[in-house]
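Next come the chains, spelled out residue by residue.
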Amino acid sequence: MSTLRAFTMPKWGIEMTEGTISEWSISEGDAVAQGQTIALIESDKIVNEVQAEFDTRFVRLIATAGESYPVGALLAVMAGGEVTSAEVDAFVAAFRPAGAAGESARATAAQAAVETLSPVVTDYLAAEIPPGVAISPQAWHHASQLNIDVRTIAGSGRRGRITLQDVEQASRPPRLVGGGTAVSIAPTTTALDAFYASPGAKRLAVVHNVDLASVRGTGPRGRISRADVARDAGVPLRSAGVEVVRMSSMRKAIARQLTLSKATIPHYYLRRQVQLEALQSLRDDLKQQTGTAPGLNDFLLRTTALALCEVPDVNIQVHGDEIHRFTDANIAVAVATDRGLITPVLRAAQTKSAHALAAELKPLIDRARAGRLRAEDVEGGTFTVSNLGMFGVEQFDAIINPPQGAILAIGAARRQPVERDGGIAFTSVAWLSLSCDHRAIDGAVGGRFLTALREFIESPQRL
Amino acid sequence: MAQMTIREALSRTIRAEMERDPNLLILGEDIVGGNGTAGGPEAIGGIWGMTGGLYASFGPKRVIDTPISESCIVGAAAGAALAGKRAIAELMFADFVGVCLDQIYNQIAKFRYMFGGRTTCPVTVRIAYGAGLNCAAQHSQAVYSMLTSIPGLKVVMPTTPADAKGLLTTAIRGDDPVMFFEHKMLYGETGEVPDGEYLVPFGHARVVREGRDATIVTCGALVGAAATAADKLAAEGIACDVLDLRTTSPLDEESILDSVEGTGRLIVADESPPRCSLAADIAALVSSKAFAALKAPVELVTAPHAPVPFARELERAYLPSPATIEAAVRKALAYR
Amino acid sequence: MRINRDQLINAYRRMKTIREFEERLHQEIATGEIAGFTHLYAGQEAVAVGVCAHLGPTDYIVSTHRGHGHCIAKGCDVKAMMKEIFGRRDGLCKGKGGSMHIADVSVGMLGANGIVGGGAPLALGAALAARMDGAGKVAVAFSGDGAANQGTTFEAMNMAVVLKAPVIFAFENNHYSEHTGVSYAVGAKDMASRAAGFGMAAHKVDGCDFFATYNLMTEVIAYCRAGKGPVAVEFDTERFYGHFEGDPQRYRASGEVDRLRATRDCLKAFRAKAIDEDLLDSNTLATIDTEVVALINAAVEEARTAPVPSAADVLEDVYVSY
């Protein structure tokens, strides 16, 4: 009597693993006709209307709008004729997603359950292991996640049991051993074997024709090191013309941070020229009127702050799967010091005038150059501005400072001919380059930010 | 430089040291041979032929044939050493340390320490070890693993004639007790030996082959097997570092760790049975001091946990070989 | 009897020192301050002193686990010995050996030995070294009736005969091998005749009679120094204390130790004979007694307050160089 059917999360493309119900287009109990839109479902690539493939009635809606579900998960129950609530309950309880995707869905669901519940749930997981396969529950789970058929794995554990390492090995491409061209393994330093010296020391001795008998070893049991050879035989440790400087911890930190940024963040760059005439006029007027004025860069910081408030999707930090949107524009300003690049932060820059920003920035720069910045001076930035204009650099692309989502690079102001009213005029322009993290900021968003920024720069009365 | 066998190198070194130091004496069974027989003294110069002619040159007070009394061979060497002499005790087969283990492990190993550093016991105990000549369970053991673990002893095993000379000289002239292991299969091994004074320091491994793909650490007769395996692999583009430890106490930890830090893959070939063995010791050393450098589990190629069998096929199966060492290298390289 | 007055005084002083040292240790051990095993020599003094009186600092002795007496008789520093037994840094072995491994190679005392029978091969070796020097030096292997049954002892005796080594096998028969009587453990008639069976000269003497011991050893040592080969001497002696300190000695007959102290005390016998035959007067003996007691008291006081070794010393002297 039951003509119950499952409406499940569709799989669009081989890479799709889950989708989100953006909204239901029908309500529970509705009858739908073939072709009618049931729901809007969003995958990581597209948002699609899902239409009914036949006439049916949606007797139970299970999925909630706004939530993500793995491919194959039960979203709703459809029925051809009259059904009781109990029948629907039974159908729901007995439902199992089909295929490997379903398996991984179950495994993921089960793992989520395992993470929060008692050990009893692990038995459930273990119960899934196919009979005749000796494998630890952990390895089994790992195999399910990696989509590996454990029946193809030879176990290396006790009594042929499949271990976590066996699953790991099976998941990696096989490593070819041998079958290459012959190599020479004759030791290069046999003549020097009478001496207890490191391989590096022996090589150095050979290269510089040093008799190791004349070298005093300072290592354990009188072992000769490269430094010993260099010292006793008067040979340079490396070729001349090179001074080896060990990285300071600050330099190492910069190296680490920026390497991480470049390696993991999908950077893209949006560049546009802006005209600075209006801003420069404003500045000149202020100077004339009050005797002093904030620098051009301070004005640019203010415009940046306002633009960040206008396009808050750029004023973010990216943390794993989460985007943190900030209400305050905490702008980190790149400062060059003897020890390396450091970025003190101007907090809530949108609330401060260019004057205030200048006043706050100066002591920060001084402290930065003296090496006396405190942790709170450099924490919590949501956006960075870097200006290499003082070096005449016209255009450059900066590297994003994680966990921020973007960085603005400002070039030198130059006089350049621009089109104006059908003719050519000279005006002061500068290149801006906005580097964005494509995981969190799409091109259009970046573009909107640059537009907003340009407007604030070229219409400074809004400042 | 001269070409000679390990047997000759040892023989000449003993003679040279006896000449150099009038306080050196040597004792053991059949060192001289023939005492009390129709043939008279020197009917045989040592079972392995290395002490012939010494009696004629240095006399019965310094070249002493003993009855079959291992405890007294080592014990008398020890007593003479405590009384200011320097002694070489020859025990024929390494397995016989069982008969006199007290003198080795309770006496000579401990005198310096127990007596507060106020004396030395310069005894070199020469023992022939190892399987491969079908001498079966009681005449084939690799006893070095057990003796390496004893504080106070030094354990040495040369694999080339040059090393035989250099290491034996260092052992005799040093003031610490040394267990000097001579592999039965290597007595006939030939090589170049430097003339004149030649000492090889302890705790300094010899690089037999150089490569960046895997490290093979071994000693004794297995050095040759490891080199054979490495050469075969080199023909396929796999380059192994092969280290001949030469001394297991002191151990050249630096060279082992240096090599593993470069290759990330370690294979240890050891003729001892696996429990509490040299192989286990080196695996533990590397796991604890160079874990981050390892790209694959340590591969141990050892004898099985069994006495040495007699039949040729069985002994062949018992010992590590170039084939088993090669297989271990491939296994380590296949690990992803 | 060829012993002069000075030698007699020396002998008595040495024996008295051993006796006081051991008696005092017996008390100190009971307080719990001394670590490990200690085996006291009290009662056997005449043997150690009777033998060592004929030895110089270039002769060698090897001792047993019951080695304090031999150590003192051979001329080791008493205060350094006490510090060693107390485990102090300035002990004779820097606190590294303790009672069972007490040694001073510089005066020819090649160590007490914790292994029963461990010393005989060592003494043989020392004798071979002496033979190389050709200066008539000898080595003495002190053994108990227990060690007399060890394979190492038999090996050493045989090899000594074969090599004609100048070694004296001194068997101190105090009638107990640990907790077993010598009549059970030694199968032969006695140790001397068994040693003779190995082909060496063998003697027996009352080890509680200093004078008899001293006289016999005069000949024995002269024989050895002359290069005539090894000699075995069996000394009939008694130990007043247990095998080790803490031994309940249930194997003794009731009142046995009291009887021994009354009738088989070598010091009492020495005093009696010395005074009886007018060799030494009681005042001299009393003075020596007082001095010895003072020495032992000072030794204990110094040992108690001496500094202990530091943890860093554990790794020192395992090797000469490593």
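Because the structure is a prediction, the values reported are computed rather than measured.

(A) Highlighting the overall build of chain A. Secondary structure summary: chain A contains 13 helices and 19 strands in total. By residue count, 27% of the 463 residues in chain A fall in the buried class.

(B) Up close: the overall build of chain C. The helix and strand inventory of chain C stands at twelve helices and seven strands. Counting all 322 residues of chain C, 54% fall into the buried class. Residue pairs in contact within chain C that sit at least 24 positions apart in sequence constitute 74% of those at least 6 positions apart.

(C) How the structure looks around the interface of chain B and chain C. Opposite the 37 residues of chain B that make contact, chain C presents 38 residues. Within the residue set of the side of chain B that touches chain C, elements represented by two or more residues are α3 (70-82), α4 (101-108) and α5 (111-114) of chain B. Per-element tally for the side of chain B that touches chain C: the top contributor is α3 of chain B, with nine residues. Of the residues in the side of chain B that touches chain C, the class split is 15 nonpolar, 14 polar and eight charged.

(D) Up close: the nonpolar core. Counting 210 residues, the largest nonpolar core has Val-329 of chain B together with Ala-123, Leu-124 and Ala-126 of chain C as its most contacted members. By residue number, the principal contributor to this core is helix α5 (residues 119-133) of chain C, which donates ten residues. Composition of this core by domain shows at least three residues from each of domain 1 (2-193) and domain 2 (206-334) of chain B. Setting aside residues no more than four positions away along its own chain, Val-329 of chain B makes contact with Ala-214, Ile-216, Ala-229, Leu-233, Ile-238, Cys-240 and Ile-267 of chain B. Core analysis: the second largest hydrophobic core is formed by 43 residues, Leu-300, Leu-301, Val-385 and Cys-436 of chain A among them.

(E) Examining the sheet that holds strand β6 (residues 154-156) of chain B more closely. All names here are of chain B. Reading across the sheet, the seven strands line up as β3-β2-β4-β5-β7-β6-β12 and stay open at both edges, with mixed pairing between neighbours. The open sheet terminates on both sides in strands that have one partner only, identified here as β3 (63-65) and β12 (247-249). Sheet twist, expressed as the mean angle between neighbouring strand axes with direction ignored, is 20°. Note: strand β5 (residues 123-129) against strand β7 (residues 178-183), six bridges, orientation parallel. The residue of β7 that forms the bridge with Arg-126 is Phe-180.

(F) Looking closely at the interface of chain A and chain B. Between chain A and chain B, the residue contacts involve 21 residues of the former and 24 residues of the latter. Grouping the constituent residues of the side of chain A that touches chain B by class yields eight nonpolar, eight polar and five charged.

(G) Spotlight on unusual backbone geometry. Residue Pro-402 of chain A is joined to Pro-403 of chain A through a cis peptide bond whose omega torsion reads 10°. The omega angle of the peptide bond from Ser-249 of chain B to Pro-250 of chain B is 0°, so this bond is cis rather than trans. Position of Pro-250 of chain B among the secondary structure elements: in the loop between β12 and α9 (253-263). Positive phi is not limited to glycine here, since Gln-249 of chain C has a value of about 55°. Note that Gln-249 of chain C resides in the loop between β7 (231-236) and α10 (256-263).

(H) Spatial organisation of helix α1 (residues 5-30) of chain C. Helix length check: α1 of chain C (26 residues) gives 38 Å between terminal C-alpha atoms against 38 Å at 1.5 Å per residue, within 8%. Looking one or two places after α1 of chain C, you find Gly-32 of chain C, whose phi comes out positive at around 90°.

(I) Representation of the packing of α1 of chain C against helix α12 (residues 282-305) of chain C. Residue and element names in this part refer to chain C. At a minimum axis separation of 9 Å, α1 and α12 run at an interaxial angle of 40°. In terms of their interaxial angle, α1 and α12 are classed as oblique. Seen from above, α1 lies across α12 with right-handed handedness. Of the residues in α12, those touching α1 at Ile-9, Tyr-12, Arg-13, Lys-16, Thr-17, Glu-20, Phe-21, Arg-24 and Glu-28 are Thr-284, Leu-285, Ile-288, Asp-289, Val-292, Val-293, Leu-295, Ile-296 and Val-300. The class makeup of the residues in the contact of α1 with α12 is ten nonpolar, two polar and six charged.

(J) Representation of the confidence of the model for chain A in the model. Residue and element names in this part refer to chain A. Residues of chain A with pLDDT of at least 70 account for 89%, and the chain-wide mean is 85. Mean pLDDT values over the elements of chain A span from 50, in helix α3 (residues 120-127), up to 96, in strand β17 (residues 406-410). Low pLDDT (under 50) marks residues 117-122, which in the prediction has four contacts with non-local residues, meaning those over four places away or in another chain.

(K) Local environment of helix α6 (residues 199-207) of chain A. Residues and elements named next belong to chain A. Those residues of α6 lying buried are Ala-201, Lys-202, Leu-204 and Ala-205. The buried residues of α6 occupy one face: seen down the axis, they fall within an arc of 160°. Along its buried surface, α6 packs onto α7 (226-233).

(L) The confidence of the model for chain C, seen in detail. Averaged over chain C, the pLDDT score is 95; the fraction of residues at 70 or greater is 100%. Overall fold confidence (pTM) sits at 0.68, and the ipTM for the predicted complex is 0.88.

Calculation criteria
- Residues numbered from 1 in each chain as written.
- Chains lettered and ligands numbered in written order.
- Predicted model: local features only at pLDDT ≥ 70, side-chain atom pairs only at ≥ 80, totals over all residues.
- Helix = DSSP H or I, 4+ residues; strand = E, 2+ residues; numbered from the N terminus.
- Buried ≥ 20, exposed ≤ 12 C-beta atoms within 10 Å, placed from the backbone.
- Contact = placed C-beta atoms within 7 Å.
- Nonpolar A, V, L, I, M, F, W, Y, C, P; charged D, E, K, R; others polar.
- Core = buried A, V, L, I, M, F, W, Y, C linked by C-beta atoms within 7 Å.
- Domains from an automatic or database assignment.
- Pairing = 2+ DSSP bridges.
- Axes fitted to C-alpha atoms, helices over the stretch in contact; angles between N-to-C directions.
- Expected span 1.5 Å × (residues − 1).
- Parallel < 35°, antiparallel > 145°, perpendicular 65-115°, else oblique.
- Left-handed = near helix turned anticlockwise from the far one by under 90°.
- pLDDT = per-residue confidence, 0-100.
- Arc of directions from axis to C-beta.

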